[in-house]
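Structure at a glance
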Amino acid sequence: MDIYHPSQDHLTGMEISFGGDVGRSMKGGQNYLVMETEAQGFAQWVPYPGQLYLQAFSHLASGANMVEYWHWHSIHNSAETYWKGLLSHDFEPNPTYEEAKTIGADFDRLSARLINLKKKNDVAILFSNEALTGFNSFSFGWGSRESYNDILRSLYDALYKINVGVDFVDPTSSNLDNYKLIVVPALYAAPDSLLTRLNRFVKNGGHVLYTFKTAFSDQNVKVHTAVQPAIINEACGISYNQFTTPEHVGLKDDPFHVGKDNTVNTFMELITPKTAKVLAYYDHPVWGKYAAITQNNYGKGLATYIGCLTSEAINEKVIENVVKAAGLWGTDQELKYPLVAKSGVNQYGKNIRYYFNYSASPSSFIYPHKAGKELLSNTEISGKSKIDIGAWGVKIVEEK
Amino acid sequence: MDIYHPSQDHLTGMEISFGGDVGRSMKGGQNYLVMETEAQGFAQWVPYPGQLYLQAFSHLASGANMVEYWHWHSIHNSAETYWKGLLSHDFEPNPTYEEAKTIGADFDRLSARLINLKKKNDVAILFSNEALTGFNSFSFGWGSRESYNDILRSLYDALYKINVGVDFVDPTSSNLDNYKLIVVPALYAAPDSLLTRLNRFVKNGGHVLYTFKTAFSDQNVKVHTAVQPAIINEACGISYNQFTTPEHVGLKDDPFHVGKDNTVNTFMELITPKTAKVLAYYDHPVWGKYAAITQNNYGKGLATYIGCLTSEAINEKVIENVVKAAGLWGTDQELKYPLVAKSGVNQYGKNIRYYFNYSASPSSFIYPHKAGKELLSNTEISGKSKIDIGAWGVKIVEEK
Amino acid sequence: MDIYHPSQDHLTGMEISFGGDVGRSMKGGQNYLVMETEAQGFAQWVPYPGQLYLQAFSHLASGANMVEYWHWHSIHNSAETYWKGLLSHDFEPNPTYEEAKTIGADFDRLSARLINLKKKNDVAILFSNEALTGFNSFSFGWGSRESYNDILRSLYDALYKINVGVDFVDPTSSNLDNYKLIVVPALYAAPDSLLTRLNRFVKNGGHVLYTFKTAFSDQNVKVHTAVQPAIINEACGISYNQFTTPEHVGLKDDPFHVGKDNTVNTFMELITPKTAKVLAYYDHPVWGKYAAITQNNYGKGLATYIGCLTSEAINEKVIENVVKAAGLWGTDQELKYPLVAKSGVNQYGKNIRYYFNYSASPSSFIYPHKAGKELLSNTEISGKSKIDIGAWGVKIVEEK
């Protein structure tokens, strides 16, 4: 795959993680090759010291077995003249190239312990190309520019920020039962069979987080003629048949304690709970009687439903809620972005613990896992020890 | 006709009134049918409680004999999937549908007293499709986006806000003499015969309010080769041959007492009065010697000329001035928007008095007309009695 | 040539001066005819009193031998209906026309002393249509909208504001040695021969001011494969092989004392000085070790290099620096914009000194040259005398 992303002060690692999780999942959990990623790239992408190194090991932490740059040297003609390679047009060493050399040396030294990383995740995001195409044909109405991927990414990013590893599944996946929590953004177009399967997943003890616009139409983008959200209303314990555009709308009594971020925007479904518990009502003189976010016990499982676009802060609180409810809150979740934790099992059967500091400020953290060796510095790490991590820094612990 | 308009916090009734006045006038004062108007409509149009009812009776108050929604139920495929009907896609009752049922019931009960409403207005707006096409070809110059209808609506809306009922006339109308005041926005392209007729209308005792850009070109959009405004300069007692774009321009000494709204924008003619009284000069170091708004006695009538785009507040003050000068200021003009008054004569020859509260705040007013019966509540109303009117409320009095 | 420009509060004279300098230079220093310039023009161009007169004599001061208006009378049909002439559509006198009459009368009276003005400038701007086409194909990267002429104008305008007369030269010009200072904006595409010639110009004692992006590619827009800036790095004593997009970047320690204008935007080269003196470093946590603006003695001359887009204020300070370094700072440079000074030699061999007040505020200045006669008022002027100049005023002294 090719992965390009913002850099400098805007480098987050999210696109590296997202691209890797999608690619790995599409290969059924196998490792993948990064065929292209940015070297110097565009003028606004020239990496700060440490960033190219951080990016390279972030690819490995998501399961990449190779990192290849576009391209070796900058080209001297044509449209991609300013899509710059490791070398500038002058073929001379430069800071980006010098850093790439250290990446190569460390890959050479450590690859045996780092490649073929196997990852086992308890959380999956259910994506659908039919839903993407269907939703994007309408978005939230004429003139609306939000896309399916904006909604999906808002949930993915919230999981990334609390270090919850995810796989991706799609309507053809037969492995839903491998997961404890499935996140379902805007599954606008879906066959009844998939929705029924998701109901059964919950009934059998699974957790699902849905957003608005899920189950609105069938796989042919024909809107359901029954109560919304179609079929999954059974697991969600809610219904709605009207939706509107929020103006000056928040969540009543700021239930997630997010202060000025207590906002709803762009789209809101006017939800009536049946059996669901209401996590948040709208705060609005007319729409205040409707639910915005609900949660429902169904069978042995739990179905959570977000009925509106919210601020990033609210999204993150809801994600935290469902991760905790699914019993998936661990020590790595206490380390919050910009400290990023990734893990997997290497080809020797050892746990590999990656820690990344996606920030220009040096930081430190209490290493929460079993004792091991920090591979880059080749130093022993005991459990519960403090690890210092520099600006845009990387630490890799192989557990004993 | 079809009438669609903003809703929720942006509902004003102006488009309903405007569409109705145009349609009724185009039919020579006959009643008309609303073939389409919004039910739930787009997400941002879902009506607040009371709004659908308010809208329906507002159509009747302008002379509609029917209100039909687009459409009965929301459609399940294609481009208008989100142009929602009275019923949502689920065919189940919903708040909009429930409110529509009350409209149907009240129409059924009261139609005999409400349909075939006859309206007699003393004010007409002269519109012209030739002027629209001609003006819009140039607007105020390259890059300018203002359109003829923006100018026409700014005057219409100001009349609406003080409850002055209007008809529309056009260059083919032979009934100008039925009116006491004719408002003429940007009559950019007009034959000499029409301008001469308007001069005669004033000379014979009529009142006319003109704006800038009137009479600039003939009916073939050929600019006049004589002093501007062509021909009507005689009735207006002014001339100009330069115009410019205001920057930091207001009206000298804030003659209309509108404070921060004392602004001129986009376009200004540099007017020299001949016999006209100057209602406002420009406030600008260079253009301050020119008149912005003038008024001239001509024969037995009065011609007022607005030479520039002004704020809404100034517009409303000028409209108030000309309505008063024409002797048309009555008790309904004391009830200002968001209280809207409409009236007409029903098929029993009785005066029907509509009062609408285009606001989310309940209000009250002293009913200024003869005693009668409030039809919706079937209660007697005496003259000068206080009437309470709820949020988005409607009252209809049939005079005795 | 045709010269159109902003007017009213936005009138600066820059476009008149720029157009004149380009046109005169393209004719090898001969005088030129202004075939079209604005009379009333668009609505936003209607001249304030005095402006048309000021503009007319500004054309002469740059070497025009004629000023002709588009057009005599405003036209009554078609696309240019609102491109207004000296007369409005009514063919009647108006303030613009009345002022044009005074211009004609003064041209008639004074032409013999004013036409055929010869100008001798020590500063040239090197422009290149190849560089323009090459640079504009890429600008600063996809999505960037800055053009070659924006960069050229920023330097031209800074020279204009300190009354430094300039000629224009291009890659075919054989007269570079006539100049003491050559300003070279964004000479993106250039043959090696031109760059070598510029090196030789400096070596022989000339001064050059370069900006970023100069010498990046050859005349076929093939990027050089050697160190940047190619070839001229020898005279400039610098090199770079990375460049980026500034965010929150200024110049370290505000070296030009411009306060809040101490900003860098859009593009910055990461320059390493070899022999050059650094006039300014970047102020940024990562890029702070790189130079932004440098100056290098090379042979008997001096090469200054601006590596980034800066504020107008910084640009003006750098221009002031290089003008002073070239020994070109004179008494007219102490009169700063909006007081504009232009000069030349008339056909009687006398120095003509123009002074323009491009401002709505009357001003005064100490006339810094030899005694002469102010031609418009026909009054004697002694050296060092105070001259009052009105809003948008003109003074013309013919030295004795």
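The rules behind these values
Residues numbered from 1 in each chain as written. Chains lettered and ligands numbered in written order. Predicted model: local features only at pLDDT ≥ 70, side-chain atom pairs only at ≥ 80, totals over all residues. Heavy atoms only, no water. Helix = DSSP H or I, 4+ residues; strand = E, 2+ residues; numbered from the N terminus. Rg over C-alpha atoms; globule rule 2.2 N^0.38 Å. Buried < 20%, exposed > 50% of the residue type's maximum accessible area, 1.4 Å probe, protein only. Contact = heavy atoms within 4.5 Å. Areas by Shrake-Rupley, 256 points an atom, 1.4 Å probe, with all protein chains shown as cover. Salt bridge = Lys/Arg side-chain N within 4 Å of Asp/Glu carboxyl O. Polar contact = N/O pair within 3.5 Å; in protein donor to acceptor, adjacent residues only side chain to side chain. Nonpolar A, V, L, I, M, F, W, Y, C, P; charged D, E, K, R; others polar. Least-squares fit on C-alpha atoms with pLDDT ≥ 70 in both. Pairing = 2+ DSSP bridges. Right-handed = clockwise from strand over helix to strand, strands pointing away. Axes fitted to C-alpha atoms, helices over the stretch in contact; angles between N-to-C directions. Parallel < 35°, antiparallel > 145°, perpendicular 65-115°, else oblique. Left-handed = near helix turned anticlockwise from the far one by under 90°. Buried area = accessible area lost by both parts, 1.4 Å probe. Phe/Tyr/Trp six-rings, centres within 6.5 Å; stacked < 30°, edge-to-face > 60°. Lys NZ or Arg CZ within 6 Å of the ring centre and 35° of its normal. Disulfide = S-S within 2.5 Å.

**Brief notes about the overall build of chain A**
Each helix and strand counted, chain A has nine helices and 23 strands in total. Here the C-alpha radius of gyration of chain A, 22 Å, is about what a compact globule of 400 residues would show, namely 21 Å. The buried share of chain A, taken over its 400 residues, is 60%. Sequence separation of at least 24 residues holds for 68% of the intrachain contacts in chain A that already meet a minimum separation of 6. Just so you have it, chain A exposes about 15200 Å², and 51% of that area is on carbon and sulfur atoms.

**Points about the interface of chain A and chain C**
If you look at the interface, chain A gives 27 residues, while chain C gives 22 residues. At the boundary of chain A and chain C, one finds zero salt bridges. In this structure, the connection of chain A to chain C is made through 15 residue pairs in polar contact (both at pLDDT 80 or more). Along the lines of polarity and charge, the residues of the side of chain A that touches chain C split into twelve nonpolar, twelve polar and three charged.

**Brief notes about the environment of N136 of chain A**
Inspection of the secondary structure assignment puts N136 of chain A in helix 4 (residues 129–138). The sequence separation of N136 of chain A and I231 of chain A amounts to 95 residues, and the corresponding C-alpha distance is 22 Å.

**Quick notes on unusual backbone geometry**
Following W70 of chain B, the chain continues into H71 of chain B via a peptide bond in cis, with omega recorded as 0°. Locating H71 of chain B in the fold gives a position in the loop between strand 3 (64–70) and helix 3 (95–114). Between Y337 of chain C and the following residue, P338 of chain C, the backbone shows a cis peptide bond with an omega angle of 15°. In this fold, P338 of chain C is placed in the loop between helix 9 (331–334) and strand 17 (339–345). A positive phi angle, close to 55°, is found at H257 of chain B, a residue other than glycine. Among the secondary structure elements, H257 of chain B is positioned in the loop between strand 10 (250–251) and strand 11 (264–269). Among the residues examined, H257 of chain B registers a relative accessible area of 68% and is labelled exposed.

**Some details on the side chain of H71 of chain A**
A residue is classified by how much of its surface remains accessible, and H71 of chain A, at 8% relative accessible area, is buried. If sequence neighbours within four positions are ignored, H71 of chain A has contacts with W83, K84, G85 and L86 of chain A.

**Brief notes about the relation of the copies chain A and chain C**
One copy of the chain maps onto the other through a rotation about an axis followed by a shift along the same axis. Expressed as a screw transformation, the operator carrying chain A onto chain C has a rotation angle of 120° and an axial translation of 0.0 Å, and the superposed copies differ by an RMSD of 0.1 Å. The superposition of one copy onto the other is thereby described by a three-fold rotation axis. Nearest to the rotation axis, the C-alpha of G143 of chain A is located 13 Å from it, this being the minimum over chain A.

**Digging into the pairing of strand 2 (residues 32–38) of chain A**
Residue and element names in this part refer to chain A. In this sheet, strand 2 lies alongside strand 1 (residues 2–3) in parallel orientation, the contact comprising two bridges. Residue pairing across strands places D2 opposite E36, the latter belonging to strand 2. Tracing the backbone out of strand 1, into helix 1 (residues 14–26) and back to the parallel element strand 2 gives a crossover that is right-handed. Between strand 2 and its parallel partner strand 3 (residues 64–70), the chain crosses via helix 2 (residues 51–61), and the hand of that crossover is right-handed.

**So, the packing of helix 2 (residues 51–61) of chain B against helix 3 of chain B**
All names here are of chain B. Closest axis-to-axis distance for the helix 2/helix 3 pair is 9 Å, and the angle between their directions is 30°. Between helix 2 and helix 3, the interaxial angle falls into the category roughly parallel. The two elements helix 2 and helix 3 meet at a crossing, and its hand is right-handed. Seen from helix 2, the contacting residues are Q51, L52, Y53, A56, F57 and L60; seen from helix 3, they are T96, E99, A100, T102, I103, D106, F107 and L114. Of the residues in the contact of helix 2 with helix 3, the class split is nine nonpolar, three polar and two charged.

**Looking at the sheet that holds strand 1 (residues 2–3) of chain C**
All names here are of chain C. In spatial order, the strands read 1-2-3; together these three strands make up an open sheet with parallel pairing. On the outer flanks of this sheet lie strand 1 and strand 3 (64–70), each paired with one strand and no other. Running at roughly 140° to strand 3, helix 2 (residues 51–61) makes contact with strand 1, strand 2 (32–38) and strand 3 of the sheet.

**Observations regarding the interface of chain C and chain B**
How big an interface is tends to be stated in terms of the accessible area lost upon association of its parts. Facing the 27 residues of chain C at the interface are 22 residues of chain B. Carbon and sulfur atoms supply 57% of the area that chain C and chain B bury against each other, a total of about 2100 Å² over both sides. The tally of links from chain C across to chain B stands at zero salt bridges. Summed over the shared surface of chain C and chain B, the number is 15 residue pairs in polar contact (both at pLDDT 80 or more).

**Concerning the packing of aromatic side chains**
Scanning the model with the defined rule gives 102 aromatic pairs over all chains in all. Judged by centre distance (5.6 Å) and plane angle (80°), the rings of W83 of chain A and W142 of chain C are edge-to-face. Of this pair, W83 of chain A sits in the loop between strand 3 and helix 3 (95–114) while W142 of chain C is found in the loop between helix 4 (129–138) and helix 5 (148–161), placing the two residues in two different chains. Residue W142 of chain C is classed as exposed on the basis of its relative accessible area, which comes to 58%. Pairing F18 of chain B with F168 of chain B gives two aromatic rings, centres 5.5 Å apart and planes at 90°, and the pair type is edge-to-face. Separated by 150 residues along the polypeptide, F18 of chain B in helix 1 (residues 14–26) and F168 of chain B in strand 5 (residues 166–169) bring together distant segments of the chain. Owing to a relative accessible area of 4%, F168 of chain B belongs among the buried residues under this scheme. An aromatic cluster is built from Y82 of chain A together with F135, F138, F140, Y188, F212, F216, F243 and F267 of chain C, whose rings are joined through pairwise contacts. Over the ring of F18 of chain C we find R153 of chain C; its NZ or CZ atom is 5.4 Å from the centre of that ring. Taking the ring centre of F216 of chain C as reference, the NZ or CZ of K213 of chain C above it sits at 4.7 Å.

**Focus: the pattern of salt bridges**
Taken as a whole, this structure holds 48 salt bridges over all chains when the rule is applied. One salt bridge in this structure joins E320 of chain A and K324 of chain A, with 3.0 Å as the shortest N-O distance. In this pair, E320 of chain A and K324 of chain A are both assigned in helix 8 (residues 312–325), four residues apart and thus about one turn of the helix distant. Residue E399 of chain B pairs with K370 of chain B through a salt bridge whose shortest N-O separation is 4.0 Å. Separated by 29 residues along the polypeptide, E399 of chain B in strand 23 (residues 394–399) and K370 of chain B in the loop between strand 19 (363–366) and strand 20 (372–374) bring together distant segments of the chain. The network of salt bridges with shared partners includes E15, R153 and D157 of chain A.

**Here we look at the sheet that holds strand 16 (residues 308–310) of chain B**
Pairing within the open sheet is antiparallel, and its three strands lie in the order 9-11-16 (chain B). The outermost strands of the open sheet, each flanked by one partner alone, are strand 9 (243–244) and strand 16 of chain B.

**Quick notes on the state of the cysteines**
In total, this model carries zero disulfides over all chains according to the counting rule given. Left unpaired, C236 of chain A is separated from the closest cysteine sulfur, that of C308 of chain A, by 14 Å.

**Describing the environment of P6 of chain A**
All names here are of chain A. Mapped onto the fold, P6 is located in the loop between strand 1 and helix 1. C-alpha separation for the pair P6 and P47, spaced 41 residues apart in sequence, amounts to 9.8 Å. Dropping the residues within four chain positions of it, P6 is found in contact with L11, E15, E38 and W45.

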